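What follows is each chain in one-letter form.
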Amino acid sequence: MTEQANKEELNTNEKAEAINQEEQPETIEEELASESKDASEAVKNEEAPDTDTLLKKIAEQTDEIDTLTKKVDDFNNRMLRTQADFDNFRKRTSKEKADARKYRAQDLVTDMLEILDNFQRALAVETVSEDGQALKKGMEMVLSKLENALKKEGVEEIASLHQPFDPNVHQAVMQEDSAEHEAGTVIQVLQAGYSLNGRVIRPAMVKVSS
């Protein structure tokens, strides 16, 4: 009885092992194929995106793009205005420095013009003595050096005699009828006028024909 029982138990174990082998997948490929099939079915079962939701997201992104574009445009405009202001400031500063260099001697030149007038009036006096002639010659030399020094600084005498009257450079102090000149012509210069590097620092005092 014992031997028979042992044989039956062996047969039972062999059958159970055979069933277990049948239930397991035959290969790894079959197992992967099964998993891929399950994944595909899961994707198919997912719901398609809602159209309204997509349109809403697109509209939001479009608004955000428009806002960012406007900010960039505003920044560029501010940058251009700042650059233009800086360029204007630089040009204005450069002009002021150039003017300061050109007209730095204006006050001194204005004072020197009075000395120049005195020399010219003194030289207009006629002299007959030798001492007077010698003195006059020395004054002419001083006057010449003074005029050259002023010219180097950019001082020029304003052309006036027989020129049309110009209120920008002339100061009319007298009028006189003249058959030889057209009305409004400078017929006599009472005091010479001068400019410094193109700027009038003293208008000429003149007599004008009427």
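Conventions we followed
- Residues numbered from 1 in each chain as written.
- Predicted model: local features only at pLDDT ≥ 70, side-chain atom pairs only at ≥ 80, totals over all residues.
- Heavy atoms only, no water.
- Buried < 20%, exposed > 50% of the residue type's maximum accessible area, 1.4 Å probe, protein only.
- Helix = DSSP H or I, 4+ residues; strand = E, 2+ residues; numbered from the N terminus.
- Pairing = 2+ DSSP bridges.
- Contact = heavy atoms within 4.5 Å.
- Axes fitted to C-alpha atoms, helices over the stretch in contact; angles between N-to-C directions.
- Expected span 1.5 Å × (residues − 1).
- Arc of directions from axis to C-beta.
- Core = buried A, V, L, I, M, F, W, Y, C linked by side-chain atoms within 4.5 Å.
- Salt bridge = Lys/Arg side-chain N within 4 Å of Asp/Glu carboxyl O.

Asks: Is there a simple way to think about the pairing of strand E6 (residues 204-209) in this case?
Replies: Each regular strand carries side chains that alternate between the two faces of the sheet. Judged by how many residues are buried, E6 sits mostly within the fold: 5 of 6 residues are covered. Strand direction decides the pairing type here: strand E2 (residues 170-176) and E6, joined by 6 bridges, are parallel. The partner of His170 across the bridge, within E6, is Ala204. When strand E3 (residues 186-191) meets E6, the two strands line up antiparallel, connected through 4 bridges. If you follow Val189 over to E6, its bridge partner there is Val206.

Asks: What exactly am I supposed to notice about the environment of Val189 here?
Replies: Considering the arrangement of structural elements, one finds Val189 in strand E3. The spatial distance from the C-alpha of Val189 to the C-alpha of Ala172 is 9.6 Å, given a sequence separation of 17 residues. Excluding residues that lie within four positions of it along the chain, Val189 makes contacts with Ser160, Leu161, Met205 and Val206.

Asks: Could you clarify how one ought to interpret the sheet that holds strand E1 (residues 155-157) in this entry?
Replies: Each strand in a sheet pairs with another by means of backbone hydrogen bonds, the pair being arranged parallel or else antiparallel. Spatially, 3 strands are ordered E1-E4-E5 in an open sheet, and the strand pairing comes out antiparallel. The open sheet has two free edges, formed respectively by E1 and strand E5 (199-202), since each of these has just one partner strand. Within this sheet the neighbouring strands show an average axis-to-axis angle of 35°, counted without direction. Bridge count for E1 against strand E4 (residues 194-196) is 3 bridges, and the pairing is antiparallel.

Asks: Please explain helix H4 (residues 106-123) as it appears in this structure.
Replies: Owing to its 3.6 residues per turn, the α-helix brings residues three or four apart onto one side. With 18 residues, H4 should cover 26 Å at 1.5 Å per step; its first-to-last C-alpha distance of 25 Å lies within 8% of that length. The set of residues buried in H4 consists of Val109, Leu113, Leu116, Asp117, Phe119 and Leu123. All buried residues of H4 lie within an arc of 165° about the axis, which places them on one face of the element. Facing away from the buried side of H4 by over 90 degrees, the exposed positions are Asp107, Glu114 and Arg121. Contacts from the buried residues of H4 go to helix H5 (130-152), E1, E3, E4 and E5.

Asks: For this particular structure, what's the right way to read the nonpolar core?
Replies: It is characteristic of soluble globular proteins that their nonpolar side chains tend to be buried jointly. Core analysis: the largest hydrophobic core is formed by 15 residues, its most contacted members being Val109, Leu113, Leu116, Leu150, Val155, Tyr194 and Ile201. Of all the secondary-structure elements, those providing two or more residues to this core are H4, H5 and E4. The leading source of residues in this core is H4, at 5 residues. Contacts of Leu116, omitting those with residues within four sequence positions, involve Leu143, Leu146, Glu147, Leu150 and Tyr194.

Asks: Honestly, the pattern of salt bridges in this entry has me stumped. Any pointers?
Replies: Should the charged atoms of two oppositely charged side chains come close, the side chains can pair. The tally for this structure, following the rule as stated, stands at 3 salt bridges. Salt-bridge contacts for Asp87 lead to Arg90; the nearest nitrogen and oxygen are separated by 3.7 Å. Of the two residues, Asp87 and Arg90 are both situated in helix H3 (residues 51-102); the distance of 3 residues between them amounts to about one turn of the helix. Taking relative accessible area as the criterion, Asp87 reaches 24% and is therefore assigned partly exposed.

Bear in mind that shape data such as this cannot, by itself, settle questions of function.
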